[in-house]
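Structure assessment
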Amino acid sequence: MSTKPAVASAPPAQQTLSVPRHIGVIMDGNGRWAKLRGLRRTEGHKAGVEAVRRIVELASAYGVSCLTLFSFSSENWRRPPEEVSFIFGLLRRFVASDLDRLARNNVKIRIIGDRETLDKELRRIIEEVEATTAANTGLNLVIAFNYGAQAEIAAATRVIAQKVAQGALAADDINETTIAEHLGTHGLPDPDLIVRTSGEMRLSNFLLWQSAYAELVFVEENWPDFDESVFVRVLQTFTERDRRFGGIGT
Ligand code: IPE
Ligand code: IPE
Ligand code: MG
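Everything quoted here is computed from the prediction, not taken from an experiment. (Residues numbered from 1 in each chain as written. Chains lettered and ligands numbered in written order. Predicted model: local features only at pLDDT ≥ 70, side-chain atom pairs only at ≥ 80, totals over all residues. Heavy atoms only, no water.)

Right, let's get into the sheet that holds strand 1 (residues 22-26). Taken together, the six strands give an open sheet; going across it, the order is 3-4-2-1-5-6, and neighbouring strands pair in parallel fashion. The sheet terminates laterally at strand 3 (108-112) and strand 6 (215-218), the two strands that pair on one side only. For this sheet, the mean inter-axis angle between neighbouring strands, taken without regard to orientation, is 20°. Direction of pairing for strand 2 (residues 66-73) relative to strand 4 (residues 140-147): parallel, over a ladder of seven bridges. Opposite Phe72, over in strand 4, you have Phe145 as the bridge partner. Lying over the sheet, helix 2 (residues 41-61) contacts strand 1, strand 2 and strand 4, oriented at roughly 160° with respect to strand 2. (Pairing = 2+ DSSP bridges. Helix = DSSP H or I, 4+ residues; strand = E, 2+ residues; numbered from the N terminus. Axes fitted to C-alpha atoms, helices over the stretch in contact; angles between N-to-C directions. Contact = heavy atoms within 4.5 Å.)

The structure is reproduced here in structure tokens:
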């Protein structure tokens, strides 16, 4: 028997929503949003920043504890260099314009992804963002930048192998927790929900290890159109899912 509250016929505002502890978002469709309006792709990325501001507010307001946003993948280097440098510029400008407000709003920011291949200035900005918000206790905002899940797992494997080689760890003691502790998301709960905008239905190398039991929700809206109505619809879909984790459910 289901233990879910019988709210199916209630209007959306009165439905009890399950709020995921951790939401991961694949923010896709900036280019298509721009193209539909006869604009350059870069305009879509700019509009996407507004949607980032909206979802951070929404996540805080709805009591989400962790929000991970996929903002640049390790595969996105395949794009034209002008677009790549525009996206990098947007990150710099976002930090310059929004860091103080996020810090005041108790948001704790972590950036995951490969830092080694980023320029020194960007690495400095990343360190500054994390240091400025390190003591905050509100929303955990994780930005996946220059991030690829397979590269993340490979990097974790290298560190674990070094520990085994140095005798600090026994090979027989490596388990799921060992791997999780060596990923960029160490210490954070696994995502309960992964959302992808723009109608694409794939993970594109996002949080592959961590999303083992995440609910996947795909919406048609392009990322710059993401707003509270889309957010609530996604939470409704999540609320209706029966998460069984390999068991037989409720
Ligand atoms: C998502 O939008 C932003 C990044 C991947 C950086 P896209 O730029 O992928 O937009 P589409 O998929 O081409 O429409
Ligand atoms: C995934 O979107 C990466 C980000 C949202 C940052 P892409 O647009 O790069 O994914 P593919 O290439 O369509 O799979
Ligand atoms: Mg895309």
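This part takes up the site of ligand 1. Around ligand 1, the neighbouring residues are Met27, Asp28, Gly29, Asn30, Gly31, Arg32, Arg41, His45, Ser71, Asn76, Arg79 and Ile87. In this structure, Asn30 approaches ligand 1 through a main-chain N or O atom, which is 3.1 Å from an oxygen atom. Arg32 places a main-chain nitrogen or oxygen 2.7 Å from an oxygen atom of ligand 1. Where the shell around ligand 1 is concerned, the elements lending two or more residues are helix 1 (30-36) and helix 2. Broken down by class, the residue content of the shell around ligand 1 amounts to two nonpolar, six polar and four charged. (Near = heavy atom within 4 Å. Polar contact = N/O pair within 3.5 Å; in protein donor to acceptor, adjacent residues only side chain to side chain. Nonpolar A, V, L, I, M, F, W, Y, C, P; charged D, E, K, R; others polar.)

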